[in-house]
Amino acid sequence: MPNSEADAIVQKVQSQLETPGRNAEAHAYTMLLDELKQYKEHNGAAATTALTGQLEQSGILPKVAVGWLQNDYDKIDTYKDDFGISKSEIADYTNRGGSTKADLDAMLANQLLKDDGGHSQFDSVAKRNWRGASDDLIEKADLRAYDRQETRAKNRDDRHQTVRDDAAPLFQGSPPLMAVLDASHNGECDGRVSEGDMRRFLTAYEVNNKTENAGTGPYTPENAAYVSDLLNGKYPELTGENFTGFSARALARRAGLDHVKINSIEDYDSLVAVYAAKTAKETPIAAASPPVETHPENAVNPNPEKVVDDHKDVFAQVDTLSTYHKGEGQWHVAKRLLNAGNDEGEKGASNKDVWHLTQDIIALDGTKSLDAKGRTRPIVHPGDEAPVVSNIDTLFAKNPKLAQSIFRLEKKTVAAKVQDAGAAVECFDEY
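Only a predicted model underlies this, so the values are computations on that prediction, with no experimental measurement involved. Along each chain, residue indices are assigned from 1 in the same order as the chain's sequence is written. Thresholds applied to this predicted model are a pLDDT of at least 70 for local features of residues and 80 or more for the giving and counting of side-chain atom pairs; totals over whole chains, interfaces and linings are not thresholded and use all residues. With hydrogens and water excluded, all non-hydrogen atoms of the structure serve as input to the side-chain values.

Structural notes on the confidence of the model for the protein
Quick reminder of the rule: Every residue carries a pLDDT, the predictor's confidence in it, which falls somewhere between 0 and 100. Under the DSSP-based scheme used, a helix requires at least four consecutive residues in state H or I and a strand at least two consecutive residues in state E, with every element numbered from the N terminus. Contacts: residue pairs with any heavy atoms within 4.5 Å of one another.
Mean pLDDT over the protein stands at 80; residues scoring 70 or higher make up 81%. The secondary-structure element of the protein with the lowest mean pLDDT is strand β3 (residues 368-370), recorded at 55, while helix α8 (residues 177-182) shows the highest, at 94. Taken together, the stretch residues 283-310 has pLDDT below 50 and engages in 27 contacts with residues farther than four places along the chain or on a different chain. Here residues 424-431 is modelled with pLDDT under 50, and outside its nearest four sequence neighbours on either side it reaches zero contacts, counting other chains as well.

Describing the environment of K234
Within the fold, K234 resides in the loop between α10 (221-231) and α11 (236-239). A sequence separation of 68 residues divides K234 from D166, and the C-alpha atoms of the two residues are 9.9 Å apart.

Notes on the packing of aromatic side chains
What counts, and what does not: Pairing of aromatic side chains here covers Phe, Tyr and the six-membered ring of Trp, requires ring centres within 6.5 Å, and sorts the geometry by plane angle: under 30 degrees stacked, over 60 edge-to-face, intermediate tilted. The cut-offs for exposure are 20% and 50% of the maximum accessible area for each residue type, with area from a 1.4 Å probe on protein chains only; residues under the lower value are buried, those over the upper are exposed, and the others partly exposed.
Here the structure, examined in full by the defined rule, presents five aromatic pairs. Residues W68 and Y93 carry aromatic rings whose centres are separated by 5.4 Å and whose planes lie at 80° to one another, so their mutual orientation is edge-to-face. Of this pair, W68 sits in helix α3 (residues 61-76) while Y93 sits in the loop between α4 (87-91) and α5 (100-113), and the two are 25 residues apart along the sequence. For the ring pair F171 and Y275, a centre distance of 4.1 Å and an interplane angle of 10° mean the geometry is stacked. Separated by 104 residues along the polypeptide, F171 in the loop between α7 (140-167) and α8 and Y275 in helix α13 (residues 267-280) bring together distant segments of the chain. In this structure F171 comes out as buried when scored by relative accessible area, which is 4%. According to the relative accessible area criterion, Y275 is buried, its value standing at 1%.

Examining the environment of S124
Checked against the element boundaries, S124 lands in helix α6 (residues 121-126). Residue classification places S124 among the partly exposed positions, given a relative accessible area of 28%. The spacing of S124 and D142 is 18 residues in sequence and 9.7 Å in space, taken between C-alpha atoms.

A few points about the nonpolar core
Our working definition: Only buried residues count toward a nonpolar core, which is a set of Ala, Val, Leu, Ile, Met, Phe, Trp, Tyr and Cys residues joined through side-chain atoms within 4.5 Å.
L170, F171, L251 and I361 are the most contacted members of the largest nonpolar core, which has 61 residues in total. With sequence-adjacent residues up to four places away left out, L251 is seen in contact with V163, A167, L170, F171, M178, L238 and F246. Among the nonpolar cores identified, the runner-up in size contains 37 residues, and A6, L17, I85 and F122 belong to it.

Structural notes on the environment of A167
Mapped onto the secondary structure, A167 falls in helix α7. Note on A167: relative accessible area 1%, which makes it buried.

Digging into the pattern of salt bridges
Side-chain pairs of opposite charge can arise where the charged atoms are in close proximity. What counts here: The salt bridge definition used is simple: a Lys or Arg side-chain nitrogen within 4 Å of an Asp or Glu carboxyl oxygen.
A full pass over the atoms with the stated rule returns eleven salt bridges. For the salt bridge of E195 with R199, the shortest nitrogen-to-oxygen distance reads 3.5 Å. Separated by four residues within a single helix, E195 and R199 lie in helix α9 (residues 195-208), roughly one turn from each other. For R199, a relative accessible area of 47% corresponds to the partly exposed category. R200 is paired through a salt bridge with D197; the nearest N and O atoms lie 2.7 Å apart. Of this pair, R200 and D197 both sit in helix α9, three residues apart, which is roughly one turn of that helix. Salt bridges sharing partners connect three or more residues here, namely D72, K101 and D105.

Structural notes on helix α15 (residues 330-338)
A large share of α15 lies buried, amounting to seven of its nine residues. Three or more residues of α15 are buried, namely Q330, W331, H332, V333, A334, L337 and L338.

Re the packing of α15 against helix α16 (residues 351-364)
Operational definition: Helix axes are fitted to C-alpha atoms over the stretch in contact, other axes to C-alpha atoms as well, and angles between N-to-C directions run from 0 to 180 degrees. Angle categories: roughly parallel below 35 degrees, roughly antiparallel above 145, roughly perpendicular from 65 to 115, and oblique for all the rest. Note on convention: near helix rotated counterclockwise from far helix by under a right angle means a left-handed crossing. Clockwise means right-handed. Residues are grouped as follows: Ala, Val, Leu, Ile, Met, Phe, Trp, Tyr, Cys and Pro are nonpolar; Asp, Glu, Lys and Arg are charged; every other residue, Gly included, is polar.
Running from N to C, α15 and α16 cross one another at 120°; their axes reach a closest spacing of 8 Å. Classified by the interaxial angle, the pair formed by α15 and α16 is oblique. Relative to α16, α15 is oriented so that their crossing is right-handed. From α15, Q330, W331, V333, A334, K335, L337 and L338 reach across to α16, where they touch N351, D353, V354, W355, L357, T358, I361 and I362. A per-class count over the contact of α15 with α16 returns ten nonpolar, three polar and two charged.

In structure tokens:
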């Protein structure tokens, strides 16, 4: 199981970095420092060293390094007459050690000075304010400019990501749903989806529902509900406020994707590849972490069979969740798995997360055939099982969200067993 405590620290700092407002990076720095101190106190120096390796791979250090400069500017700027922080002043912190703060500051100082092909993060920050005194110094004006520019960039990225999340079903399937909509008029694709195309799809869905193929892709209830939502203006960020349809070109622009010219249904494969490459970058792969005892009460291991039985129970549930029902595909299995550990009323997994896991399951699924055009088309039948349990370690490594969901499911399973055992003891005492 993943080191959930270490993952939680990374996620907490990441959330702070994404918080709107000024000096989010400075607050993230102080938060990370406090978290590291507590982590070291409870887990020891060796585990903390392993955590710093995970931090380096998480992608949060560049922004936290700016937070360190914002927070400790006057302390780092020892040569006050230079009107800024120099590389030599940063270098003074690279070899310090001992305290948790000194170790964190050294990691961030090395991050700032790390040479990336003749260019460092220090150089980038120092040039943020083009009216600054020197490109070789980081001034407070550079940090203020960084704050403004990052806020604007974040707002733009947030808009793009919202569109990518809401558009996820359009890129799902083979061919993808958007291609099916585009081709609904006469079988040809021009990169545009009209209101008429959507209504034709819904009509085809109703017709398909009266056949033995009811509920099969692309005419699934989920796709029909999504297309109805598009028609009803639920996603104006995809269709525009004055809805008359949408195009692949406009969708790519709103989603922050590279434009792909659509002249045929095959061109949608390229658009899906662009979407997949973009969204894959948004899901960091969890770094390797030291193993954590899932059942602290068994640390002395008085009953090793109990731990094995708990895992068997959870994996049996995962097998059940991974079994295809009529009209289902990998998307349905992925959605069930990502929501498996949720408490009642808790928000479900996003379409983006479901889409990522769907693609990973498809990549592992051996039930594939080729269609008439030579493209891979996964074929599944009711009662088949997606190969999840047999590849659980691979899927956990690629999908931290899946690992978290199954970890929560395991905790709930153990808690339920304890509760049932307690109830049985009460009944015996009454007897």
